[in-house]
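Descriptive analysis of the structure
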Amino acid sequence: MFFRRERPKKLTFEDRMGVARSAGFRTSSAPGGRTRIERDGVAAIVEAGNEDLPRFPVRAGIVIGDEIGTLTDGGFQKFFMTPSGKRKPALAEELKAIQNFQEDLREALGLVSLYNESMGTVSNLYIYDRVEGRDKGEHKPWQTTLR
C-alpha cells in the first residue's frame, strides 16, 4: 500500500541503558547482574524485567559513601538508611533531587510515569516508633480476624 506504517523498534535493556547514558546518567554494573544508575548524588539499581523493560529492585536514593540510602519514613521524620545501617535525616533539596532523578530516568528509559508517584517522593520503608516490631515476624496484628 501507499501509506505504510513503520514497525516500532523494540528496545532492548542495553538500548535503554544507552539512552539513559546519553541523557546524562552514569551507569555501572552492580551485583546480581543489575545496573546502578547515578546522577548528581542520587542513584538507583535497575535490572531487566519482563520483555526487557527496566525494573527497579532498589528505588532511587541518596548516595552515602558507596551505598544507596533509601528513603525511610519514621513517622516523625523522613531519613535515608543504607543497607549497612547508616542513617541521615532527609532534607527538602534531597527529596526534590530524588523526584527529579526518578522523573528524568523514567522518561529516558521510556517508562510510564504514574500520577501518584509524580506528586511527591515515595518512601521505600515505613517505620513508626510507636509500633515497635510491627513488621517483624509472621504474625501481623492487622491480619488477625475478629470473631
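For the structure, check the block above.
Residues numbered from 1 in each chain as written. Predicted model: local features only at pLDDT ≥ 70, side-chain atom pairs only at ≥ 80, totals over all residues. Heavy atoms only, no water.

**A few points about the overall build of the protein chain**
What counts, and what does not: Helical segments are the DSSP runs of H or I of at least four residues, strand segments are the runs of E of at least two, and each set is numbered from the N terminus. Classification of residues uses two cut-offs on accessible area relative to the type maximum, computed with a 1.4 Å probe and protein chains only: under 20% is buried, over 50% is exposed, and between them is partly exposed. Contact criterion: two residues are considered in contact whenever any of their non-hydrogen atoms come within 4.5 Å of each other. Note on areas: these come from Shrake-Rupley sampling with a 1.4 Å probe, and a residue is covered only by the protein chains present in the view.
Secondary structure assignment for the protein chain yields three helices and eight strands. When each of the 147 residues of the protein chain is scored for burial, the buried share is 30%. For the protein chain, restricting intrachain contacts to residue pairs at least 6 apart in sequence, the fraction spanning at least 24 positions comes to 39%. When the accessible surface of the protein chain is split by element, carbon and sulfur atoms take 53% of a total near 10,400 Å².

**Some thoughts on the packing of helix H1 (residues 13-22) against helix H2 (residues 92-109)**
How we decide: With axes taken as lines fitted to C-alpha atoms, and helix axes fitted only over the stretch in contact, angles between N-to-C directions fall between 0 and 180 degrees. Note on terminology: angles under 35 degrees are roughly parallel, angles over 145 are roughly antiparallel, angles of 65 to 115 are roughly perpendicular, and the others are oblique. Definitions for this section: a left-handed crossing has its near helix turned counterclockwise from the far helix by less than a right angle. A right-handed crossing has that turn clockwise.
Contact geometry for H1 and H2: axes closest at 8 Å, N-to-C directions at 130°. On the basis of the axis angle, H1 is oblique to H2. Taken as a pair, H1 and H2 cross one another with a handedness that is right-handed. Residues Arg16, Met17, Val19 and Ala20 of H1 form the contact with H2, whose participating residues are Leu105, Ala108 and Leu109.

**What to know about the packing of aromatic side chains**
Operational definition: Working definition: a ring pair exists when centres of Phe, Tyr or Trp rings (six-membered ring for Trp) sit within 6.5 Å. Plane angles under 30 degrees give stacked, over 60 give edge-to-face, the rest tilted.
With the rule as written, the count across this model stands at one aromatic pair. The interplanar angle of 80° and the centroid separation of 5.4 Å between the aromatic rings of Phe25 and Phe101 together place this pair among those described as edge-to-face. Of this pair, Phe25 sits in the loop between H1 and strand S1 (26-30) while Phe101 sits in helix H2, and the two are 76 residues apart along the sequence. In this structure, Phe25 and Phe101 share a single accessibility class: buried.

**Here's the deal with H1**
Applied cut-off: As used here, the arc is the angular range of directions from the helix axis to the C-beta atoms.
Of the residues making up H1, those classed as buried are Phe13, Arg16, Met17 and Ala20. For H1, the buried positions fall inside an angular range of 100° around the axis, keeping them on one side. Away from its buried face by more than 90 degrees, H1 exposes Glu14 and Ser22. Downstream of H1 by a residue or two, Gly24 has a phi angle that is positive, lying close to 100°.

**Thoughts on the pattern of salt bridges**
The test is simple: Salt bridges are counted wherever a side-chain nitrogen of Lys or Arg sits within 4 Å of a carboxyl oxygen of Asp or Glu.
For the structure shown, the criterion picks out eight salt bridges. A salt bridge links Glu38 to Arg36, with the nearest nitrogen and oxygen atoms 3.4 Å apart. The exposure classification of Glu38 matches that of Arg36, with both residues buried. Residues joined in a network through salt bridges with shared partners are Arg26, Arg36 and Glu38.

**Details of the environment of Val122**
Relative to the elements of secondary structure, Val122 occurs in the loop between helix H3 (115-118) and strand S8 (125-126). The class for Val122 is partly exposed, based on a relative accessible area of 27%. When the C-alpha atoms of Val122 and Arg59 are compared, they prove to be 9.3 Å apart, with 63 residues separating the residues in sequence.

**Things to note about the nonpolar core**
The nonpolar side chains of a soluble globular protein tend to be buried with one another. Selection rule: Here, the term nonpolar core denotes a set of buried Ala, Val, Leu, Ile, Met, Phe, Trp, Tyr and Cys residues that are joined through side-chain atoms within 4.5 Å.
Within the largest apolar cluster, 21 residues are counted, with the highest numbers of intra-cluster contacts made by Phe25, Ile37, Phe80, Phe101 and Leu105. Elements with a minimum of two residues in this core: H1, strand S3 (42-48), strand S4 (54-64) and H2. Apart from residues lying up to four places away in sequence, Leu105 is in contact with Ala20, Phe25, Ile37 and Phe56.

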